[in-house]
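# Structure assessment
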Amino acid sequence: MVRPWAGPAGGRGRSWAGQAAGPFVGGAGGPEVARRTDASRTHGADPVTWGPRGGGLVSVPSNPHPLPSRRPGRWWPACCCAPGSGALQLARGPCVGPLARARGPASTCSAASCPPCTTRTACPGPWFDMYLCARDSIVLNFNPFMAFNPDPKSEYNDQLTRATNMTVSAIRFLKTLRAGLLEPEVFHLNPAKSDTDTFKRLIRFVPSSLSWYGAYLVNAYPLDMSQYFRLFNSTRLPKPIQDELFTNEKARHLLVLRKGHFYVFDVLDQDGNIVGASEIQAHLKYILSDSSPAPEFPLAYLTTENRDVWAELRRKLASGGNEEALRKVDSAVFCLCLDDFPIKDLIHLSHNMLHGDGTNRWFDKSFNLIIAKDGTAAINFEHAWGDGVAVLRFLNEVFKDSTQAPAVTPQSQPARTDSSVAVQKLNFKLNDALKTGISTAKEKFDATVKTLTVDLIQFQRGGKEFLKKQKLSPDSVAQLAFQMAFLRQYGQTVATYESCSTAAFKHGRTETIRPASIFTKRCSQAFVREPSKYSAGELQQMMTKCSTYHGQLTKEAAMGQGFDRHLFALRYLAAAKGIALPELYLDPAYGQINHNILSTSTLNSPAVNIGGFAPVVPDGFGIGYAIHDNWIGCNVSSYPGRNVREFLQCVEKALEDIFDAIEGKCIKT
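Please read all numbers here as calculations on a predicted model, not as lab measurements.

On a plain count of helices and strands, the chain comes out with 23 helices and 20 strands. Taken over 669 residues, the chain has a buried fraction of 59%. Considering only contacts in the chain between residues 6 or more positions apart, those separated by 24 or more positions represent 78%. Of the accessible surface of the chain, which amounts to about 25400 Å², a share of 54% is contributed by carbon and sulfur atoms.

What follows is about the environment of Ser292. Within the element layout of this structure, Ser292 appears in the loop between helix H10 (277-288) and helix H11 (307-331). A relative accessible area of 21% means that Ser292 is categorised as partly exposed. When the C-alpha atoms of Ser292 and His261 are compared, they prove to be 8.7 Å apart, with 31 residues separating the residues in sequence. Of the polar contacts made by the side chain of Ser292, one reaches the side chain of Lys425; its length is 3.1 Å.

Quick look at unusual backbone geometry now. Glycine aside, residues mostly have negative phi angles, and peptide bonds mostly take the trans form. Phi at Leu140 is positive, roughly 70°, even though this residue is not glycine. Along the polypeptide, Leu140 turns up in the loop between helix H5 (125-132) and strand S3 (145-148). Accessibility expressed as a relative area gives 1% for Leu140, which makes it buried. The residue Lys259 is not glycine, and still its phi comes out positive at about 50°. Counting through the fold element by element, Lys259 comes out in the loop between strand S8 (253-258) and strand S9 (261-266).

Of all five residues in strand S12 (residues 377-381), five are buried, a share of seventy percent or more. Inspection of the sheet shows S3 paired to S12 by three bridges, in the antiparallel sense. For Met146, the partnering residue across the bridge sits in S12 and is Ile379. Note that strand S11 (residues 367-371) and S12 share five bridges and pair antiparallel. Bridge pairing in S12 places Ile371 opposite Ala377. Count of turn residues in the S11/S12 antiparallel hairpin: five residues, of which Gly375 carries a positive phi of about 90°.

We now examine the packing of aromatic side chains. Taken as a whole and judged by the stated rule, the model has 21 aromatic pairs. A ring pair is formed by Tyr131 and Phe142, whose centres lie 5.7 Å apart and whose planes are at 70°; its orientation type is edge-to-face. Here Tyr131 is found in helix H5, whereas its partner Phe142 is found in the loop between H5 and S3, with 11 residues between them in sequence. The exposure class assigned to Tyr131 is buried, which follows from its relative accessible area of 2%. By relative accessible area, which is 0% here, Phe142 ends up buried. Seen from their ring centres, Phe173 and Phe232 are 6.2 Å apart, and the 50° between their planes marks the pair as tilted. In this pair, Phe173 sits in helix H6 (residues 159-178) while Phe232 sits in the loop between strand S5 (220-222) and strand S6 (234-237), placing the two residues 59 residues apart along the sequence. Of the two residues examined, Phe173 and Phe232, each falls in the buried class. One aromatic cluster is present, formed by Phe173, Phe232, Phe334, Phe367 and Phe394 through successive ring pairs.

Moving on to the sheet that holds strand S16 (residues 510-513). Read from one edge to the other, the open sheet built from six strands follows the order S14-S20-S19-S17-S15-S16, with strand pairing classed as mixed. Taken across any chain shown, the strands that pair with only one partner, and hence form the sheet edges, are strand S14 (453-459) and S16. Taken over all neighbouring pairs, the strand axes of this sheet differ in orientation by 25° on average, direction set aside. Strand direction decides the pairing type here: strand S19 (residues 621-627) and strand S20 (residues 632-638), joined by seven bridges, are antiparallel. Directly across from Gly624, in S20, lies its bridge partner Asn635. Along the sheet, helix H19 (residues 536-558) contacts strand S15 (496-501) and S16; its crossing angle with S16, the most-contacted strand, is approximately 160°.

Moving on to the side chain of Thr520. Considering the arrangement of structural elements, one finds Thr520 in helix H18 (residues 518-528). At 2.8 Å, the side chain of Thr520 and the backbone nitrogen of Ser517 are in polar contact. If sequence neighbours within four positions are ignored, Thr520 has contacts with Leu480, Gln483, Pro515 and Cys546.

Before going further, it helps to examine the packing of helix H17 (residues 474-490) against H18. The geometry of H17 relative to H18 is characterised by a closest axis approach of 9 Å and an angle of 55° between their N-to-C directions. Put simply, H17 runs oblique to H18. Crossing of H17 against H18: the hand is right-handed. Contacts from Leu480, Gln483, Met484, Leu487 and Arg488 in H17 reach Thr520, Cys523, Ser524, Gln525, Phe527 and Val528 in H18. Considered class by class, the residues forming the contact of H17 with H18 number six nonpolar, four polar and one charged.

Turning our attention to the side chain of Gln159. For Gln159, the location among the structural elements is in helix H6. Within the structure, the side chain of Gln159 is placed 3.1 Å from the backbone oxygen of Ile371, a separation counted as a polar contact.

Turning to the sheet that holds S3, a few remarks are in order. Read from one edge of the open sheet, eight strands run S13-S9-S8-S10-S11-S12-S3-S18, paired in mixed fashion. Sheet topology places strand S13 (424-426) and strand S18 (608-612) at the edges, where each strand pairs with a single neighbour. Sheet twist, expressed as the average angle between the axes of neighbouring strands with direction ignored, equals 25°. In terms of strand pairing, S8 meets strand S10 (residues 335-338) through four bridges, oriented parallel. Directly across from Val256, in S10, lies its bridge partner Leu336. On the sheet, H6 packs against S3, S8, S10, S11 and S12 and is oriented at approximately 150° with respect to S11. Against the sheet, H10 contacts S8, S9 and S10, and its axis sits at roughly 165° relative to S9.

Scoring rules and cut-offs
Residues numbered from 1 in each chain as written. Predicted model: local features only at pLDDT ≥ 70, side-chain atom pairs only at ≥ 80, totals over all residues. Heavy atoms only, no water. Helix = DSSP H or I, 4+ residues; strand = E, 2+ residues; numbered from the N terminus. Buried < 20%, exposed > 50% of the residue type's maximum accessible area, 1.4 Å probe, protein only. Contact = heavy atoms within 4.5 Å. Areas by Shrake-Rupley, 256 points an atom, 1.4 Å probe, with all protein chains shown as cover. Polar contact = N/O pair within 3.5 Å; in protein donor to acceptor, adjacent residues only side chain to side chain. Pairing = 2+ DSSP bridges. Phe/Tyr/Trp six-rings, centres within 6.5 Å; stacked < 30°, edge-to-face > 60°. Axes fitted to C-alpha atoms, helices over the stretch in contact; angles between N-to-C directions. Parallel < 35°, antiparallel > 145°, perpendicular 65-115°, else oblique. Left-handed = near helix turned anticlockwise from the far one by under 90°. Nonpolar A, V, L, I, M, F, W, Y, C, P; charged D, E, K, R; others polar.

Everything listed here is a matter of coordinates, which is why it stays silent on function.
Laid out in structure tokens, this is it:
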């Protein structure tokens, strides 16, 4: 399977980075108020994005375009580390000149070229299209997962109890979001000044178009929340050539999958209030007690297919008398997946939450909330509608609410209600063509997931606290370890992708950090090839340079001054206008630096146990990592072209060497 997008030339981006911004004001009751935040519904209306602000609005600025004179300086260092000598020659060659000098309409996404965007709006079109136009299966190629930590109270990890509590907490989040009461997502550089009740009260009285100026004065950066409404009642619909995102906020039912069967029941009443927790518990208990055998032709396999194939099969499915059942699936608040087996270990957890067996997930839903027999829970989310900032906020809030204010206890009794009436089991009519399509999808799916290997390490020698005391960026150290590991294993440095959220800007999604630089290359070679040649002090100086430069790259990416998305937008614009692609895009070296063998993404949250994703290219690694206070975790995937266990051994060796050098010890060869 070809991995579609991780930059302008191919592959795919990951975007986990995010943080929760305080508790949400939840609870049942009151009419549903949907505060619309879809980009397509706000174009031209206001130069700032919409976001709940305690009943008001909070704004963020539009994304600036990188300064033309700085563009070459952005990509030269990235090209330096790609294999082969052609990349550096390309980066400094004549084909870069026109792009470096480009100004005006040719270097921006103008309103005329990308309607209905305005010149003050970061155009969302290309960022959605790059996902929706991809024809490969979304399983492994796009959908990542994040797993919850267990409930601190072990008895609450009972599957029925946890499923009920998480469902209720998710609906509380939905209600709070739509009522405009969800606290804005804000990144606080100085929480003592900005993350206070006093500041929050004051900022409510500032006009929405100016509120971000007030926040910036106290080093608080509001983040775009325009993706949030797609969390619920949303599905990616397969269509020929390009998929569509569908949302129906009027639907009130939950979709539950178990053993390949589909069930729906209302979780909101006609007035928009949350159905009683004991009723939800009763309905879930009823579903868990269904002894029906798994279907011979599990429909969910179709969501693992090539998107064009799935589009045609879905057309046949709808025309065969299944349109109403599909409508219920598409419009459901979200998809709850109840698995009938416990999780054995973290590797089993990764495989199950990333892809499972294909029968008990509807991968097209905005997210699947998966709960195993032992209460292990995770979210697998479709990536076209949004990024990890929104999903991680939701995950954090659901974990906090379900553990601190659970709707039911292990001793709670389900309501005495007739669940056989309230719960509808969806039955699909399948003709021979659809049965053949399901069987074919199953064969493809099984063959593909068998090729995926997942492994992990937990480096216990130190983490964020120790590295910060050494004045080193923890993220730069992790990225340096990946460079050192690959150099040790394969004898070269390669193109590397790290996602960075640009949610500080209106409709911002992600930008690429290019962690492989001339600084990491020199430092890696010193550690791996010539450790005896350098003293611990000299290695420390090299690491400091890596850290400083990595911090610069991260800041540039977060502030919209990276080069990857800009070059992608220019390429998209050229294609839209029928303009011949500049020589840069056609040169093999450009494709080489965008063939991201190391695709990396990090997340860190007290609610998250582990996360992961598949490689973005067949010969790559998918590296999910987290830097905790006192340890570092890496969850890595690969296909047969790479040895993931050996790579992780090299990562562990790299981290040991880095910590030895920091402590002034000699590097062991």
